[in-house]
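# Working through the structure, step by step
The residues making up each chain are set out below.
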Amino acid sequence: MVADDREAGVTGNDRQLSVGDVPVARYVVDPAIDPRHGPRPYLHPVRTLGGTVVTDAFPADHVWHLGASLAVQDVDGTNLWGGRTYVRDAGYTWRDDHGRIAHTRWENRDPQRLAHQLEWRDRAGAVLLTERRELAAQRAGERAWALDVGYTLTAPADRAVTLGSPATNGRPGGAGYGGFFWRAVSATPARVWTATAEGEEAVNGSAEPWLAFGGTGPDGVAYTLVLAGLGEGDRWFVRTAMYPGICVAFAFDRPRAIAAGASRSGRHRVVVADGMLDRAAADVLAGGGMV
């Protein structure tokens, strides 16, 4: 189920991304939601040019999945993903360890480009990381548009910060999620593929240059997402059977550290297309072409 505005904690600080005069995504900047859901900025609803919604937020199976967002479950022991925390030898456990990713200052608020500063904070409000983020929307063809996401995470000058996942904390089954995550709207049948592989089992944990996800949504209209831009050491985390979700995973099978005073940058491209694309079209879009 796609959440309505009341569930999403929408505020007056939200912004709209557009392609030309077509609104394609709402950016919820400072959601007023339960701290256990990992409050953070997120994109929802995201739509195709034809108007099909391709994100979900607050779904019943994982209430803390918030459209398209940047979140990590273990940042030096703070849960910024939401939900229960995976604890080695104990499994998923409710803990009082939830932080917040908070907007602090706008740099740009154009309909085609948003840029702002953020802080990743622990439960007491102490700053774990600072971030600069950019979101931009542009046309990628007659039936597709591209979302460009860029960010730089910077550790404090006096200490390193470690990023982890349920997998690095002992969960088996390739549950290395945490990073840039897209909770897709339910699709039947949900299909995921790359240039060389197809299906959740084959794609999860891979480092292919691009990944495509598609299916027919609840409104009976097909859509396709094409994601590209893994950083060094990143892996694709994918779910289609349990729920529809795709993640650029920072710590898929081992913790990742940001050294004291150092930064980690990422830049990803997500093409949002009407219809079910074939492998050749997905490859063109992933490379920056148009269809």
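Here's what I pulled together on the structure shown here. These numbers come from a predicted model, not from an experiment.

Rules of the game
- Residues numbered from 1 in each chain as written.
- Predicted model: local features only at pLDDT ≥ 70, side-chain atom pairs only at ≥ 80, totals over all residues.
- Heavy atoms only, no water.
- 1 Å grid on protein atoms, 1.4 Å probe; cavity = no way out; pocket = protein on both sides within 12 Å on 5 of 7 lines; lining within 4 Å.
- Points joined across faces, edges and corners; volume = space filled by probe spheres on them.
- Nonpolar A, V, L, I, M, F, W, Y, C, P; charged D, E, K, R; others polar.
- Helix = DSSP H or I, 4+ residues; strand = E, 2+ residues; numbered from the N terminus.
- Phe/Tyr/Trp six-rings, centres within 6.5 Å; stacked < 30°, edge-to-face > 60°.
- Buried < 20%, exposed > 50% of the residue type's maximum accessible area, 1.4 Å probe, protein only.
- Lys NZ or Arg CZ within 6 Å of the ring centre and 35° of its normal.
- Pairing = 2+ DSSP bridges.
- Axes fitted to C-alpha atoms, helices over the stretch in contact; angles between N-to-C directions.

For the largest pocket, the calculated volume is near 190 Å³. Along the walls of the largest pocket sit 14 residues, with His62, Trp64, Tyr92, Arg171 and Tyr177 positioned nearest its centre. Across the lining of the largest pocket, the residue classes break down as seven nonpolar, four polar and three charged.

Here we come to empty space enclosed by the protein. Here the structure, examined in full by the defined rule, presents one cavity of 30 Å³ or more. Of the volumes computed, that of the largest cavity is approximately 60 Å³. Of all the elements in the fold, those that place two or more residues in the lining of the largest cavity are strand S3 (42-46), strand S4 (68-71) and strand S10 (127-139). Broken down by element, the lining of the largest cavity gets its largest block of residues, three residues, from S4.

Let us look at the packing of aromatic side chains. With the rule as written, the count across this model stands at eight aromatic pairs. A centroid spacing of 6.3 Å and a plane angle of 75° characterise the contact between Tyr42 and Phe58, whose relative ring orientation is edge-to-face. In this pair, Tyr42 sits in strand S3 while Phe58 sits in the loop between S3 and S4, placing the two residues 16 residues apart along the sequence. Tyr42 sits in the buried class, given a relative accessible area of 0%. Residue Phe58 is classed as buried on the basis of its relative accessible area, which comes to 9%. A ring pair is formed by Tyr151 and Phe250, whose centres lie 6.1 Å apart and whose planes are at 45°; its orientation type is tilted. Taken as a pair, Tyr151 in strand S11 (residues 144-154) and Phe250 in the loop between strand S18 (245-249) and strand S19 (256-258) lie far apart in primary sequence, 99 residues in all. Side by side, Tyr151 and Phe250 carry an identical accessibility label, which is buried. Over the aromatic face of Phe250 sits the side chain of Arg264, whose NZ or CZ is 4.0 Å from the ring centroid.

Moving on, we get to the sheet that holds strand S12 (residues 161-164). Spatial ordering of the open sheet is given by S5-S12-S19, a layout of three strands whose pairing is antiparallel. The open sheet has two edge strands, strand S5 (74-75) and S19, and neither has a second partner. For S12 and S19, the ladder comprises three bridges, and the chain directions are antiparallel. Paired with Val161 across the bridge in S19 is Ile258.

Let's shift gears to unusual backbone geometry. A cis amide bond links His44 with the next residue in sequence, Pro45, at an omega value of -5°. Tracing the backbone shows Pro45 in strand S3. The omega angle of the peptide bond from Thr188 to Pro189 is -10°, so this bond is cis rather than trans. Tracing the chain through its elements places Pro189 in the loop between strand S13 (179-183) and strand S14 (191-193).

Strand order across the open sheet formed by seven strands is S1-S2-S3-S4-S13-S18-S17, with antiparallel pairing between neighbours. On the outer flanks of this sheet lie strand S1 (15-19) and strand S17 (235-239), each paired with one strand and no other. Pairs of neighbouring strands in the sheet enclose a mean axial angle of 20°, with direction left out of account. Direction of pairing for S1 relative to strand S2 (residues 22-28): antiparallel, over a ladder of five bridges. Its bridge partner lying in S2, Arg15 is registered against Tyr27.

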